[in-house]
Amino acid sequence: MTRAIVIGSGMAGLTAAAHLAMDGCQVKVFEQAGHIGGVTATFERDGFRWDIGPMILEGFGPGEPVDRILKRMGLGGRLTLSRHERGLHFPDYAVTRPEEYGGPDWRVKRLKELFPHEAANIDRFYVFLRRSFDLITLDRYAAVADSAGAIPLKLGMLPLFLGVKKYVHWNARQLMDHFFTDEKLKIFFLVILVDMTLLTDEYPALGVPFSNQETYFDRRVPPHRPYGIGPKGITLHAVEGGCGEIVKLMEEAVVSRGGSFHVNSTVERILVEGDRAVGVRLAGGEEHRADLAFASGDARHCFFNMIGRERLPREFAEKIDDIPLMESVFMVHLGVDMDVTPWQDTPVHYHYNIYDIDAEVSRMRSGLYHKGKSGFLIYIPSLHSPQMAPPGKHAVTVYTVAPNRIEGGWDSRKGEMIDTIVDEAEVKIPGLRKHTVTRWAITPKDFGILTHMREHHSFGGFRPVINKTGAPHRTPYRGLWFIGCQSESGPGVWTQIISARSVFKKARRDL
Ligand SMILES: Cc1cc2nc3c(=O)[nH]c(=O)nc-3n(C[C@H](O)[C@H](O)[C@H](O)COP(=O)(O)OP(=O)(O)OC[C@H]3O[C@@H](n4cnc5c(N)ncnc54)[C@H](O)[C@@H]3O)c2cc1C
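Here goes a summary of the coordinates provided.

Let us now look at the site of the ligand. Taken together, 35 residues are adjacent to the ligand, and Gly8, Gly10, Gly38, Gly297 and Gly484 come closest. Within the residue set of the shell around the ligand, elements represented by two or more residues are α1 (11-22) and α15 (493-510). In terms of residue count, the dominant contributor to the shell around the ligand is α1 (3 residues). Across the shell around the ligand, the residue classes tally to 16 nonpolar, 18 polar and 1 charged.

Another aspect to go through is helix α14 (residues 444-451). Within the span of α14, buried status applies to Pro444, Phe447 and Thr451. Axial view of α14: buried residues confined to an arc of 55°, hence all on one face. The first or second residue beyond α14 is His452, which carries a positive phi of 65°.

Our focus in this paragraph is the packing of helix α4 (residues 119-144) against helix α5 (residues 147-164). It is the contact of α4 with α5, at a shortest axis distance of 9 Å, that shows an interaxial angle of 155°. When the axis of α4 is compared with that of α5, the two are roughly antiparallel. Note on packing geometry: the crossing formed by α4 with α5 is left-handed. Every residue of α5 that contacts α4 at Phe128, Arg131, Ser132, Asp134, Leu135, Leu138, Asp139, Tyr141 and Ala142 is listed here: Ala150, Leu153, Lys154, Gly156, Met157, Leu160, Phe161, Gly163 and Val164.

All right, on to the sheet that holds strand β2 (residues 26-30) then. Read across the sheet, 5 strands follow the order β10-β2-β1-β14-β20 without closing on themselves; strand pairing throughout is parallel. Edge strands, defined here as strands with exactly one partner in the open sheet, are β10 (260-262) and β20 (480-482). When strand polarity is set aside, the average angle formed by the axes of neighbouring strands in this sheet is 15°.

On to the nonpolar core, then. Counting residues in each nonpolar core, the largest one holds 136 residues, and the members touching the most others are Ala16, Ala17, Leu193 and Ala293. If we skip the residues at most four places from it in the chain, Ala17 touches Val6, Val27, Val29, Val254 and Gly259. Residues Leu111, Ile122, Leu129 and Phe133 belong to the second largest nonpolar core, which totals 5 residues.

What counts, and at which threshold
- Residues numbered from 1 in each chain as written.
- Predicted model: local features only at pLDDT ≥ 70, side-chain atom pairs only at ≥ 80, totals over all residues.
- Near = placed C-beta within 6 Å.
- Helix = DSSP H or I, 4+ residues; strand = E, 2+ residues; numbered from the N terminus.
- Nonpolar A, V, L, I, M, F, W, Y, C, P; charged D, E, K, R; others polar.
- Buried ≥ 20, exposed ≤ 12 C-beta atoms within 10 Å, placed from the backbone.
- Arc of directions from axis to C-beta.
- Axes fitted to C-alpha atoms, helices over the stretch in contact; angles between N-to-C directions.
- Parallel < 35°, antiparallel > 145°, perpendicular 65-115°, else oblique.
- Left-handed = near helix turned anticlockwise from the far one by under 90°.
- Contact = placed C-beta atoms within 7 Å.
- Pairing = 2+ DSSP bridges.
- Core = buried A, V, L, I, M, F, W, Y, C linked by C-beta atoms within 7 Å.

Following this line, the structure appears as structure tokens:
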């Protein structure tokens, strides 16, 4: 029987562990934290429940790529999902789901009302966007199809790709300058870069459509099918009861097949002999041998501390040095005894108080935290899952991207930061402070401890900069694979599920 070890029980580690267990391997998952799931975790306090990491999931809808994987794992239909959507607010306008549905193109109409001088450019841009959405759809389904199933999808991608090929080497700033003149409209399509701490000329032009899909902004927008017959476009979903429900499913898939989880178990060393990985040593000194190992988490720590820079080929070590990482987040969870719906009646709203993305990103990267003044996100999970708060109350999460280190340190400034960010959120939901019955906060330092990214916690993982990538899945050691959000797969829950599964398949072939 193949012995497999998985380091880290986030969504990447869990997916790998479940596939290994289903394949008949003897699996041990080592997790340094006291719970499994990594940042995919739902916590409870005083009758309220909040997600501490992912909240909005792509590709989980019926028939979509993750749903297909879960079905193949025998876990299909086990999550209760509801369609999700984002509201966007800027200093002087908002684009939020209208009460009365205005058809799939309502955002186009709204943008033309707001920017009438750009009407023709908006039409031109949407030709590019729609082609790109279809391309993304086919690409995502091809990633989970078997080789025969992938052929028609890839053939379908070809004409779509030829239509956007000229933008392949462009950056996001060039793309926006090509289509629009109004700076505010350019920012509308790029604003997510602030959260990824990416400069506008660092992000690939063809990345822009990913965060601007029409289905993401109104749950009533039907997913489009490429050529009218292709698989349906990707949508956003929330999991009833919180994302921790996904962790429970994956855990069951591992444990029911004899796999085991070991929490509070830090892997300190990956044991290598010759060109093979042969096991791990835990912080207490205990050694576990294995034929296969999957590592996730902090790429630099994994390769430089758990193996050793001197044991790595120079080129590989340089690749690891070169991985750009996102910043962390500062998150405040509130339990409130008020009705929030007069101010926010859908679960997620992004509030951006800036129009200069590059200036904000540069400040953040140099450790200057805006404390919510440049923007924040308000997430109210009890709006899609009433059981996440006691009757008549709401669970509210307010958070922003935040630098790992700030002057004075996070521990000593935590209280001040909570007050400032709640004051900012209070402007959007009056009464929030007065009606708070419980609250707790997670600083970047706390996130670093929780995920074993003590040097630099990165909330999404590797920052998608043009011509850069995360750590390769295939490592210089046979039998050792690197997965997770700092790997070449990049950030996001669905990305971890899709890519950990395909790395597992490669690893089995290689064994
Ligand atoms: C606040 C926040 C909001 C987000 N929002 C979304 C969202 O809405 N939608 C979305 O798709 N994605 C979102 N993301 C990103 C997404 O959650 C991550 O990309 C993904 O969950 C990462 O999974 P992972 O397995 O790579 O890492 P993690 O979840 O960080 O898991 C890695 C695990 O490995 C463990 N570990 C590391 N080193 C060791 C070691 N040496 N020994 C033992 N254990 C170890 C860590 O303790 C951790 O539990 C969000 C992330 C955050 C933090």
